[in-house]
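Spelled out from the first residue to the last, the chains are:
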Amino acid sequence: MGVRGLHGFVASSCPHVCTVVNFKELAERHRSQHPGGTPTIVVDAMCCLRYWYTPESWVCGGQWREYYSSLREFVRTFTAVGIKLIFFFDGMVEQSKRDEWVKRRLKNNREIAKIFHYIKSRREQPGRNMFFIPSGLAIFTRFALKALGQETLCSLQEADYEVASYGFQNNCLGILGEDTDYLIYDTCPYFSISELSLDSLDTVMLCREKLCQSLGLHLADLPLLACLLGNDVIPEGMFESFRYKCLTSYASVRESCDRKGNVILAVAEHISKVLRLHQGEKKLEEMLPLGPNKALFYKGVASYLLPGQKSPWFIQKPEDVVTLDKQVLSMSSDPESKQEFPVCMDSESKQKLPVGTDPEFNLEAPMCTNTEVKQEDPVNVGPEAKHQVTVVLDPEILKVARAQHVQAESYLVYSVMSSGEVECSNSLEDATDQALPSQAFVYRPVRQRVYSLLLGGGGGGSSTGPAVKEWFVYSGNPLRQPDLVRPLQMNIPGGTPSLRQLWLSQEPGIQAQRLDTLLACFDLSSSREELQAVERPFQALCCLLVYLFVQVDTLCLEDLHAFIAQALCLQGKPTMELADLQLDHIDPRAVQLATLLVRGLTTLVLVNGACGSPWEMADFMPWHLFDGKLFHQKYLQSEKGYTAEVLVEQNRSHVTRFHTLKSVVCKACGKESRPIVSRRHWRPHHAGQS
């Protein structure tokens, strides 16, 4: 993240850039300087997830109750000293940063493969040095913070830009995060989350003014330096030969610095002693070897300019603009020039797929070999697929979707409607386990129906809308291009209601229509009565379990018992008891089952939002329904053949509920011709992991 090599350089060669500060003292000083103002810290939440996730167990699907407590303590500590926190989450991946996003996802795949290899060989969780954040953590953190009464926002572009802008425009105390880009933006002070001690509220402030002194630069030179070194927009290799030339002509090589450090010093000297001589007279492309990368380089530099800021490195008339990838980027960062939301989208793309693969799934390796995933895709895309998209949307509906996105009240809905492009990062999935499909495929039919709802042109028509570009991580996907996923027509009694009805109507009976639409997204309309009879918060869980068991034919009765027993036992269990729970060993199949369930809960967030919220969000937040270690314990017990009474810890009311929920799921699956049988009945036939 951020500027290549800058973090290590500051730590080893410019330690004076880092100063230990205390938030309580800074807040008191801020109040004395700004009477009546509230000291505010802007938090880059994506940088903080690892810091916040303090539970010891992380491979089992997430210790959500413990995590929620950790967040509550974090918020409480700052509130106690009168500091207001505003949290920003990444809401979009910008096209210019897609290559970097893909590179990180492929690196994560390799890390996950090592985690599963460790689990299989040691039957235990790896150490914290191999830590990987639980699936869905970023999504559910938004809702946890909102439940804790915090202002939580989702970005419409890269979050670091919006964080820096908010801090700059609102005279904030500072930014809390872990990204060297915050040393480049000319904004409020930048504080390190990794150095934060919550007990004392001490942390490290990284001072960009001191960095400039060390490098002989001005603040306005830092964006140029960042792009010449390489960042999330400019690939590191683009100016490698230029940096080498700077280094060979650099006379002040420091022995105390490694090569990367001396490269930074050499490039900084070239900016201050060579380029600055012609600043304002020559264009950047006349002074630097930009070649065909000119537009990208200008965009990279301009991406650090906050509203109202200008760069002395740009020679331009006020109306000059750089056009890149059909996006217009103003040379001075003018918030008014940024398109609020596109209402028409035209794109054309070609896909070349490996011979013998299904073009819809764009696989280089078979999806599954030992199992059937119920596929419902209307797929007619040829190997040379031309994808012509025109989306014309109701501006009022788009405005509602945008507002919900910004307020972090929805997931993926606005991305589908505004750009027709969505992504999902890595999940803890075992690429070698052929018996369990990736969550990307399991929930794809649900997403397809949601796409039909959001893009199909409204009430009851036959049009399902254009294909959506999906960047979903799964085994065998090289992520060279997105999968083109077509919407799937829904079957709703009385036809599909329009988004205006679902989102804006106050008519009596609309809530029932919203629920009908939600169930239709999961293709579970026939089980409406049984699911409606289930008490909260288990309605959502039963809906998810029915869908999962219909989709994945390698799930068995023992799995169902484990899912239901853990949800029942979780109710009323103290957080400390969950934290103290010890497991006999870790089972790789249980790890992947937990991932499937949690990704199902994130899918419910998408569906519920798209359908106008027939269910309360709290009903499928994991801290109410799922605990990784508890599920793992129940899974291991169920595998040994434990009775329902033992699984629910001899709690009589739980036993009754257990049989009720099991009956609902089994009956609904039966309607779909999917009997749920014990593993003992088919173990010899299915050779999947156990």
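Before reading on, note that the structure itself is shown above.
One numbering rule holds for all chains: residues counted from 1, following each sequence as written. Predicted model: local features are reported for residues with pLDDT of at least 70 only, side-chain atom pairs are reported and counted for 80 or more only, and whole-chain, interface and lining totals are derived from all residues. Values reported for side chains reflect all heavy atoms of the structure, with hydrogen atoms and water molecules removed beforehand.

Visitor: Whenever I open this one, the packing of helix 3 (residues 45-52) against helix 4 (residues 64-80) confuses me. Can you help?
Guide: In a packed pair of helices, the relevant descriptors are the angle between the two axes and the axis-to-axis distance. Axis geometry follows a simple rule: fit a line to the C-alpha atoms, using only the stretch in contact for helices, then measure angles between N-to-C directions, giving values from 0 to 180 degrees. Runs of E in the DSSP output that reach at least two residues are strands. Runs of H or I that reach at least four are helices, and both are numbered from the N terminus. One way to put it is that helix 3 packs onto helix 4 with a least axis distance of 11 Å and a crossing angle of 115°. Put simply, helix 3 runs roughly perpendicular to helix 4. Seen along the crossing, helix 3 lies across helix 4 with a hand that is right-handed. Between helix 3, through L49, Y51 and W52, and helix 4, the contact on the second element is made entirely by Y67, S70, L71 and F74. Across the contact of helix 3 with helix 4, the residue classes tally to six nonpolar, one polar and no charged. Each angle receives one of four descriptions, namely roughly parallel if under 35 degrees, roughly antiparallel if over 145, roughly perpendicular if within 65 to 115, and oblique otherwise. Take the far helix as your reference; a near helix turned counterclockwise from it by less than a right angle gives a left-handed crossing, and one turned clockwise gives a right-handed crossing. Any two residues whose heavy atoms approach within 4.5 Å at even a single point are treated as in contact. The nonpolar class holds Ala, Val, Leu, Ile, Met, Phe, Trp, Tyr, Cys and Pro. Asp, Glu, Lys and Arg form the charged class, and all remaining residues, Gly among them, are polar.

Visitor: I would appreciate a short explanation of helix 4 in the present structure.
Guide: Two residues of an α-helix separated by three or four positions point the same way, owing to the 3.6 residues in each turn. Helix span, as expected, comes to 1.5 Å for every residue beyond the first. With 17 residues, helix 4 ought to run about 24 Å at 1.5 Å a step, and its terminal C-alpha atoms sit 24 Å apart, in line with that. Immediately beyond the C-terminal end of helix 4, within one or two residues, lies G82, with a positive phi of roughly 75°.

Visitor: For this particular structure, what's the right way to read the sheet that holds strand 10 (residues 421-424)?
Guide: DSSP calls a pair of strands paired once it identifies at least 2 bridges connecting them. What the three strands build is an open sheet, ordered 10-11-12; its pairing is mixed. Every interior strand has two partners, whereas the edge strands, strand 10 and strand 12 (483-485), have only one. Neighbour-to-neighbour, the strand axes of this sheet turn through a mean angle of 30°, independent of strand direction. Looking at chain direction, strand 10 and strand 11 (residues 468-472) are connected through four bridges and run parallel. Counted as the bridge partner of E423 is W471 from strand 11. Strands strand 10 and strand 11 of the sheet are contacted by helix 5 (residues 98-122), whose axis makes an angle of about 25° with strand 10. Where helix 18 (residues 444-455) meets the sheet, its contacts fall on strand 10, strand 11 and strand 12, and the angle it forms with strand 11 comes to roughly 145°.

Visitor: Got a minute to help me understand the side chain of N426 in this structure?
Guide: Locating N426 in the fold gives a position in the loop between strand 10 and helix 17 (439-442). A relative accessible area of 4% means that N426 is categorised as buried. A distance of 2.9 Å separates a polar side-chain atom of N426 from the backbone oxygen of R105. Here a polar contact is taken to be a pair of N or O atoms separated by no more than 3.5 Å, where protein atoms must pair a possible hydrogen donor with a possible acceptor and residues adjacent in sequence count only if both atoms sit in side chains. Side chain to side chain, N426 and S425 meet in a polar contact 3.4 Å long. Apart from the residues within four sequence positions on either side, N426 is in contact with R105, N108, N109, I112, F132, S135, V473 and R599. Any residue under 20% of the maximum accessible area for its type is buried, any over 50% is exposed, and the rest in between are partly exposed; the area is computed with a 1.4 Å probe on protein chains only.

Visitor: I keep staring at the nonpolar core and nothing clicks. Help me out?
Guide: Grouped burial of nonpolar side chains is what soluble globular proteins tend to show. Buried Ala, Val, Leu, Ile, Met, Phe, Trp, Tyr and Cys residues that are joined via side-chain atoms within 4.5 Å together make up what is termed a nonpolar core. One finds F23, W52, F78, L176, L454, F522 and F620 to be the most contacted residues of the largest nonpolar core, which totals 153 residues. The element contributing the most residues to this core is helix 25 (residues 588-610), with 13 residues. Every residue in contact with L176, bar those within four places of it in the chain, is listed here: F23, I41, V42, V43, D44, C48, F74, F78, F191, S192, I193 and L196. Among the nonpolar cores identified, the runner-up in size contains 64 residues, and L153, A164, I184 and L290 belong to it.

Visitor: Any chance you could explain the packing of aromatic side chains here in plain terms?
Guide: Aromatic ring pairs: the centre-centre distance and the angle between the two ring planes describe each pair. Within 6.5 Å between ring centres, the rings of Phe, Tyr and Trp (the latter by its six-membered ring) count as paired, and their orientation is classed by plane angle as stacked under 30 degrees, edge-to-face over 60, tilted in between. Summed over all chains, the structure comprises 25 aromatic pairs. Ring centres of W64 and Y67 lie 6.2 Å apart, and the angle between their planes is 85°; this geometry places the pair in the edge-to-face category. Here Y67 and W64 lie together in helix 4, a separation of three residues that amounts to about one turn. Accessibility assignment for this pair places W64 and Y67 in one class, buried. Put simply, the rings of F23, Y51, W52, F74, F78, F87 and F191 touch in pairs and so form one group of aromatic residues. Geometry around F472 places R447 over its ring, the cationic atom sitting 4.0 Å from the centre. Two limits define a charge over a ring: the Lys NZ or Arg CZ must be within 6 Å of the ring centre, and within 35 degrees of the ring normal.

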